[in-house]
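So the chains spell out like this:
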Amino acid sequence: MLKHYRIRHYNFKLMFLVLALATIGIIAVGSAEPGLQNRQIAGFVAGVFLMIVISLFDYSVILKLYWLIYGFTLLLLILVNYWGEESNASQRWLTLLGIRFQPSEIAKIFLILFFAQFIYLRREKLNTFKYIVLCCVLFLAPAYLIIDQPDLSTTIIVCLIFAVVMFVGGLSWKVIVGFLAVA
């Protein structure tokens, strides 16, 4: 499950760029609202820790649990409807274990992982009508839960992510042109 890393194979350039960007963000938040800078620094430290821990895991093992990832995504989005916090006439935020977060943002990453593995395992059937409908049905459940919050911007992003994953997965140009012609 853990990768066998050699320190020379670790991507220090990427880590440095992420740290530099986060530092700029902390400075920008501090200049706009000094009271929020401590929260930003705490999030930065937690994020760096998670980044290092997650980078040590072999993602192919995690992808074997793609149905659990999909189920967990749906669960988080459903929990928003029951225990979500309302803010500005929308119910998008969830607090679990003292951490307040937006499950639709996590759903973006998890849906990429799920559909990438789902399409990869069935890539030879990707251009069949039955398979395209199945992918769309699996996509509609989280998309509906996100638009129901209401969160139109995230729904649009998730739709674009789904379309890109289908295209990269090998969706035929004939299907794409046919869809665009009908649209």
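See the structure above.
Residues numbered from 1 in each chain as written. Predicted model: local features only at pLDDT ≥ 70, side-chain atom pairs only at ≥ 80, totals over all residues. Heavy atoms only, no water.

Draft legend 1. A look at the state of the cysteines. Within the structure shown, the criterion is met by zero disulfides. Just so you know, Cys 136 is unpaired, no disulfide at all, and the nearest cysteine sulfur is the one on Cys 135, 6.9 Å from it. Here Cys 159 stays free of any disulfide, with the sulfur of Cys 136 as its closest cysteine sulfur at 10.0 Å. (Disulfide = S-S within 2.5 Å.)

Draft legend 2. Fine view of the side chain of Gln 149. As for its position among the elements, Gln 149 is in the loop between α6 (129-147) and α7 (152-169). Setting aside residues no more than four positions away along its own chain, Gln 149 makes contact with Leu 77, Val 80, Ser 90, Gln 91, Arg 92 and Ser 104. (Helix = DSSP H or I, 4+ residues; strand = E, 2+ residues; numbered from the N terminus. Contact = heavy atoms within 4.5 Å.)

Draft legend 3. Structural detail: the pattern of salt bridges. Scanning the entire structure with this criterion turns up three salt bridges. Between Asp 151 and Arg 92 there is a salt bridge whose closest N-O contact spans 3.9 Å. Of this pair, Asp 151 sits in the loop between α6 and α7 while Arg 92 sits in strand β2 (residues 90-96), placing them 59 residues apart in sequence. Residue classification places Asp 151 among the buried positions, given a relative accessible area of 1%. A salt bridge links Lys 108 to Glu 105; the shortest N-O distance between them is 2.9 Å. In this pair, Lys 108 and Glu 105 both sit in helix α5 (residues 103-121), three residues apart, roughly one turn of the helix. Of the residues examined, Lys 108 reaches a relative accessible area of 19% and is grouped as buried. (Salt bridge = Lys/Arg side-chain N within 4 Å of Asp/Glu carboxyl O. Buried < 20%, exposed > 50% of the residue type's maximum accessible area, 1.4 Å probe, protein only.)

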